[in-house]
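Listed below are the residues making up each chain.
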Amino acid sequence: MRDLLRRYWRTITRPSAFYSLGFLVVSGFIAGVIFWGAFNTAMEVTNTEQFCIGCHEMRDNVYQEIQPTIHFTNRSGVRAKCSDCHVPKDWTHKMARKMQASKEVWGWIFGTIDTREEFLAKRRTLAEREWKRMKGNDSLECRNCHEFDSMDFTRQSKRAADAHSTSLRSGEATCIDCHKGIAHRLPDMALTQ
């Protein structure tokens, strides 16, 4: 094993017998650009609504629920897609979320939720996991569209204006504390987990 490692180290540290240093640097740069472009393209493809509802579990369950909500159809024509609420915009948080989502893909591959009944049985666990994640990042996805500094408290109900101007401003609460079930139905909270 040591011999193999020595040979490998010698191969990668020894000057190339056939290619110039300039060719290797330029080739490495081009390969890096191609890799980065492919990587970012893959990240963007996995943020599309078509990708998210590509499996029947999402299309037949949560996608059906969001359609009658204000986030899907409204007077302004602005529509939130899955990634708007479930994937942060900035690169660092987006990569962290994508790594977490790989566990969800693993579950899809092995069919942990294949039927509506299996979805309903796991719904509260899935919702609580998402609420915990959103609370942990201070509802970062909500803040991609809803900016506290742009809120017009005079156009909100008294209850909403009071909550936003006190609890939200102080950091005592975050969006998900009060707005659970805003886009998807709440799970049966009476059931014990």
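Residues numbered from 1 in each chain as written. Predicted model: local features only at pLDDT ≥ 70, side-chain atom pairs only at ≥ 80, totals over all residues. Heavy atoms only, no water.

## Focus: the overall build of the chain
- Along the chain, the regular secondary structure elements total eleven helices and zero strands.
- In sequence order, the chain lays out its α and β elements as α-α-α-α-α-α-α-α-α-α-α.
- Its C-alpha atoms give the chain principal-axis dimensions of roughly 75 × 40 × 35 Å.
- Within the chain, buried positions represent 25% of all 193 residues.
- Sequence separation of at least 24 residues holds for 66% of the intrachain contacts in the chain that already meet a minimum separation of 6.
- Carbon and sulfur atoms provide 62% of the accessible area of the chain, an area that totals close to 14,300 Å². (Helix = DSSP H or I, 4+ residues; strand = E, 2+ residues; numbered from the N terminus. Buried < 20%, exposed > 50% of the residue type's maximum accessible area, 1.4 Å probe, protein only. Contact = heavy atoms within 4.5 Å. Areas by Shrake-Rupley, 256 points an atom, 1.4 Å probe, with all protein chains shown as cover.)

## A short note on helix H8 (residues 116-136)
- Taking 1.5 Å of rise per residue, the 21 residues of H8 would be expected to cover 30 Å, and the 29 Å separating its terminal C-alpha atoms lies within 8% of that figure.
- The sharpest bend along H8 comes to roughly 50°, located at Lys 122.
- Listed as buried for H8 are Phe 119, Arg 123, Arg 124, Ala 127, Glu 130, Trp 131, Arg 133 and Met 134.
- Backbone geometry just downstream of H8 places Asp 138 in the positive-phi region, at approximately 55°. (Expected span 1.5 Å × (residues − 1). Bend = angle between axes of the 7 residues up to and from the residue.)

## A closer look at the packing of helix H2 (residues 21-45) against helix H7 (residues 91-109)
- The N-to-C vectors of H2 and H7 enclose an angle of 70°; their axes lie 12 Å apart at closest approach. Comparing their axes, H7 and H2 come out roughly perpendicular. Two packed elements cross with a definite hand, and for H2 against H7 that hand is left-handed. Between H2 and H7, the contacting residues are Trp 36, Phe 39, Asn 40, Met 43 and Glu 44 on the first element and Trp 91, Lys 94, Met 95 and Lys 98 on the second.
- Among the residues forming the contact of H2 with H7, the class breakdown is five nonpolar, one polar and three charged. (Axes fitted to C-alpha atoms, helices over the stretch in contact; angles between N-to-C directions. Parallel < 35°, antiparallel > 145°, perpendicular 65-115°, else oblique. Left-handed = near helix turned anticlockwise from the far one by under 90°. Nonpolar A, V, L, I, M, F, W, Y, C, P; charged D, E, K, R; others polar.)

## A few points about a positive patch on the surface
- A cluster of basic side chains, namely Arg 2, Arg 6, Arg 7, Arg 10 and Arg 14, defines a positive patch on the protein surface.
- Along the chain, the position of Arg 2 falls in helix H1 (residues 2-13).
- Given the relative accessible area of 66%, Arg 2 is considered exposed. (Patch = residues over 30% accessible without salt bridge, like charges linked within 9 Å, V, L, I, M, F, W, Y side chains within 5 Å. Salt bridge = Lys/Arg side-chain N within 4 Å of Asp/Glu carboxyl O. Lys, Arg positive; Asp, Glu negative; His and termini not counted. Charge placed at Lys NZ, Arg CZ, Asp CG, Glu CD.)

## Observations regarding the packing of aromatic side chains
- Within this structure, the stated rule accounts for six aromatic pairs.
- Seen from their ring centres, Phe 35 and Phe 39 are 6.1 Å apart, and the 20° between their planes marks the pair as stacked. Highlighted residues: Phe 35 and Phe 39, both in helix H2, separated by four residues, approximately one helical turn.
- Overall, Phe 39 belongs to the partly exposed group, its relative accessible area being 25%.
- Ring centres of Tyr 63 and Phe 72 lie 5.9 Å apart, and the angle between their planes is 80°; this geometry places the pair in the edge-to-face category. By the burial criterion, Tyr 63 is buried, and Phe 72 matches it.
- Through a chain of ring-to-ring contacts, the aromatic side chains of Phe 35, Trp 36, Phe 39 and Trp 91 assemble into a single cluster.
- Geometry around Trp 131 places Lys 180 over its ring, the cationic atom sitting 4.8 Å from the centre. (Phe/Tyr/Trp six-rings, centres within 6.5 Å; stacked < 30°, edge-to-face > 60°. Lys NZ or Arg CZ within 6 Å of the ring centre and 35° of its normal.)

## Looking at the pattern of salt bridges
- On inspection of all chains with the given rule, the structure shows 15 salt bridges.
- With its nearest N and O atoms 3.0 Å apart, the salt bridge here joins Lys 135 to Asp 177. Of this pair, Lys 135 sits in helix H8 while Asp 177 is found in helix H11 (residues 175-178), placing the two residues 42 residues apart along the sequence.
- Residue classification places Lys 135 among the partly exposed residues on the basis of a relative accessible area of 43%.
- Each of Arg 97, Glu 104, Glu 130, Arg 133 and Glu 141 takes part in a single network of salt bridges with overlapping partners.

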